[in-house]
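Examination of the molecular architecture
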Amino acid sequence: MAKAIPQLIAGQWRESRAREFIEVTDPATQEVLALAPKATAEEIEAAVASAKAAFLAWREVPVPERARLMLRYQHLLKESHDELAELLAGETGKTLADAKGDVWRGIEVVEQAANIASLMMGETAENVACDIDTASWVQPLGVCTGITPFNFPAMIPLWMFPLAIAAGNTFILKPSEQDPLTPNRLAELLIEAGAPKGVLQVLHGGREVVDSLLTHPDIRAISFVGSVPVGQHIYRTGTAHLKRVQAFAGAKNHLVILPDANKEQVLSNLVGASCGAAGQRCMAISVAVFVGESRQWIDELRAQMAELRPGYWKDEHAAFGPLISQQAKQRVQRLIAEGKAEGAECLLDGSLCTVEGYPKGNWLGPTLFRGVTPKMSIYREEIFGPVLVCLEVDTLDQAIELVNASPYGNGTSIFTRSGGAARHYQHAVNVGQVGINVAIPVPLPFFSFTGWKGSFYGDLHAYGKQAVRFYTETKTVTTRWFDESPVTGPNMTIHLK
Ligand code: NAD
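Model, not experiment: these values are computed from the prediction.

One open sheet holds the 7 strands; their spatial order is β14-β15-β16-β13-β12-β18-β19, and the pairing between them is mixed. Each end of this open sheet is capped by a strand with a single partner; those strands are β14 (345-348) and β19 (434-436). Pairs of neighbouring strands in the sheet enclose a mean axial angle of 20°, with direction left out of account. Here helix α10 (residues 263-275) sits on the sheet and contacts β12 (253-257), β13 (285-291), β16 (387-393) and β18 (412-415); the angle it forms with β13, its principal contact strand, is near 155°. Sitting on the sheet, helix α11 (residues 298-306) is in contact with β13, β14, β15 (367-370) and β16, with an inclination near 165° to β15.

Shown next, in the form of structure tokens:
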């Protein structure tokens with residue numbers, strides 16, 4: 001019988017008193033790995049109360065000391081990197097290489113958090129009026145919360161709590177109920193690094209737990225990453241309760257191919273960016289837009305995609321793993337069937353894929369469509385599987401028009417040898433993260449993760465300087481000191497006419 005995982009409340013790992021639990025399964029075998037509790041109302045109250053009490057002391061800890069906690073944490077995460085990657089691979093089904101990338105991208109944000117002292121410096125101006133100076137101070141908000149998705153159970157929690165805590169806040173993490181083992185381990189390591197009691201809490205559960213956090217009067221800010229409908233719900237509910245909210249949502253990312261591009265680079269990038277991690281990445285390329293003669297490469301793309309096969313995370317030759325759940329797999333199968341029914345040409349169909357030795361896995365093989373139009377559901381909906389749809393246009397401006405008509409704006413990319421065309425694209429396209437001959441342009445943590453349009457609700461983005469502004473508020477202090485000593489220096493008066 002699988003064991004229930006504990007929650008971190010007031011510095012202690014506590015068994016939940018929940019009556020309901022959610023099964024955490026291995027997506028390749030359906031083995032139940034653990035049970036995630038649905039936190040009770042008392043447990044939520046206890047976590048918020050502990051975070052609120054801890055904030056009073058934590059905000060007074062000098063900023064270099066908070067930075068040192070992050071340095072110790074980074075060291076422990078690096079030491080535990082392989083162990084974390086294996087735990088993560090087991091509960092997500094990701095290949096070990098993908099799992100290591102997930103952990104590593106999170107560690108990079110912790111490195112950014114260790115730089116918090118310089119990120120929290122304010123501004124000053126002398127003599128803003130006679131003998132008066134103004135300074136701005138950057139102060140933490142209070143209790144913040146983070147609600148994270150299944151697809152990056154290390155990286156995305158690490159986008160949130162290290163920077164929030166380094167900035168002097170306390171934090172309540174509610175990870176995805178589908179893979180909560182990795183986030184629990186991340187929290188254990190923060191405690192081991194020396195985080196005082198109450199600075200980080202971890203609660204488990206689904207919608208009900210999230211809704212209690214969204215409406216709790218003692219929570220100041222909400223960070224969310226997940227799907228569009230939930231992101232909209234989080235933003236609406238959180239802001240209606242007068243909280244600061246940043247909500248990162250779904251995507252449909254286009255890669256535009258000009259005929260002058262390097263064909264080999266285009267094809268290998270398209271294959272990796274569409275099928276890597278089974279397409280379960282918010283920055284995955286799910287739409288290829290072939291401009292002019294580049295459309296002739298689609299057959300070769302099909303041949304390269306056909307070579308890929310999914311497999312168990314311990315299989316070194318597997319290109320990607322299973323989908324996270326049977327429900328997710330059935331949803332993608334439904335969309336593939338709709339694409340065919342709506343008249344798209346299915347060049348490669350992975351909907352009946354199997355993997356030897358793992359008959360119960362949520363497998364899907366690489367799937368490729370051409371002849372797709374913007375009205376089809378495979379174009380409109382985020383598929384979140386190893387499915388790539390191809391559209392064909394005659395000019396770069398038609399490609400730009402298509403991308404700009406999409407309600408999403410997370411990422412896009414152009415492949416070309418022309419600097420002028422790339423410059424035109426990067427300037428004209430209404431998408432927050434643009435790659436030029438880079439298929440998945442995820443910025444490193446000294447920048448921010450800047451999705452736009454329907455892929456993001458809020459103002460300040462994740463990590464980088466924007467996240468520090470999200471987790472802090474600015475106090476401006478205007479000062480005048482009366483100089484009681486006799487005036488000895490020159491005294492100049494300007495008479496304005
Ligand atoms: P999801 O929206 O189902 O769940 C995300 C979180 O919200 C989970 O913690 C879940 O427990 C909670 N939740 C689910 N339903 C809820 C509800 N009705 N009310 C309140 N809370 C609820 O997302 P997912 O399936 O875990 O993750 C995949 C999605 O995340 C994809 O759409 C993907 O594009 C998106 N994503 C976006 C980014 C980005 O940066 N834009 C990054 C990663 C993933």
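And the narrative resumes.
Here we take up the UniProt feature "domain: Aldehyde dehydrogenase" (unreviewed entry) in the chain. Within the UniProt annotation, "domain: Aldehyde dehydrogenase" (unreviewed entry) is assigned to residues 13-477. A distance of 42 Å separates the end C-alpha atoms of residues 13-477, which is 40% helix and 21% strand.

Remark: α10 packs on α11, axes separated minimally by 10 Å, with the N-to-C direction vectors making an angle of 50°. Taken together, the axes of α10 and α11 are oblique relative to one another. Viewed along their axes, α10 and α11 form a crossing whose handedness is right-handed. Residues Lys263, Leu267, Ser268, Leu270, Val271, Ser274 and Cys275 of α10 touch α11, and the partners they reach there are Glu300, Leu301, Gln304 and Met305. When grouped by side-chain class, the residues that make up the contact of α10 with α11 number 6 nonpolar, 3 polar and 2 charged.

The subject of this paragraph is the layout of surface pockets. Estimated volume of the largest pocket: approximately 1100 Å³. If you go around the largest pocket, you meet 36 residues; those closest to its centre are Phe150, Gln178, Gly226, Ser227 and Val230. Of all elements in the fold, only α8 (207-215), β10 (219-225), α9 (228-240) and α12 (326-341) reach the threshold of two or more residues within the lining of the largest pocket. For the lining of the largest pocket, the element with the highest residue contribution is α9, accounting for 5 residues. Classifying every residue of the lining of the largest pocket gives 18 nonpolar, 12 polar and 6 charged. Counting the residues that make up the lining of the largest pocket, at least three belong to each of domain 1 (7-249 + 455-478) and domain 2 (253-436).

On to empty space enclosed by the protein, then. Taken as a whole and assessed by the stated rule, the structure comprises 3 cavities of 30 Å³ or more. Of the volumes computed, that of the largest cavity is approximately 90 Å³. Looking at the largest cavity, it is lined by 15 residues, and the ones nearest its centre are Gly279, Arg281, Ala284, Ser286 and Phe384. The residue makeup of the lining of the largest cavity, split by class, is 7 nonpolar, 5 polar and 3 charged. Taken domain by domain, the makeup of the lining of the second largest cavity includes at least three residues from each of domain 1 (7-249 + 455-478) and domain 2 (253-436).

Applying the stated criterion across every chain yields a total of 19 salt bridges. Taking the shortest distance from any N to any O, the salt bridge between lysine 174 and glutamate 177 comes out at 3.5 Å. Lysine 174 gets classed as buried once you look at its relative accessible area, which sits at 3%. Residue glutamate 177 is classed as partly exposed on the basis of its relative accessible area of 26%.

The rules behind the values
- Residues numbered from 1 in each chain as written.
- Predicted model: local features only at pLDDT ≥ 70, side-chain atom pairs only at ≥ 80, totals over all residues.
- Heavy atoms only, no water.
- Pairing = 2+ DSSP bridges.
- Helix = DSSP H or I, 4+ residues; strand = E, 2+ residues; numbered from the N terminus.
- Axes fitted to C-alpha atoms, helices over the stretch in contact; angles between N-to-C directions.
- Contact = heavy atoms within 4.5 Å.
- UniProt positions renumbered as here; feature names shortened; annotations may be inferred.
- Parallel < 35°, antiparallel > 145°, perpendicular 65-115°, else oblique.
- Left-handed = near helix turned anticlockwise from the far one by under 90°.
- Nonpolar A, V, L, I, M, F, W, Y, C, P; charged D, E, K, R; others polar.
- 1 Å grid on protein atoms, 1.4 Å probe; cavity = no way out; pocket = protein on both sides within 12 Å on 5 of 7 lines; lining within 4 Å.
- Points joined across faces, edges and corners; volume = space filled by probe spheres on them.
- Domains from an automatic or database assignment.
- Salt bridge = Lys/Arg side-chain N within 4 Å of Asp/Glu carboxyl O.
- Buried < 20%, exposed > 50% of the residue type's maximum accessible area, 1.4 Å probe, protein only.

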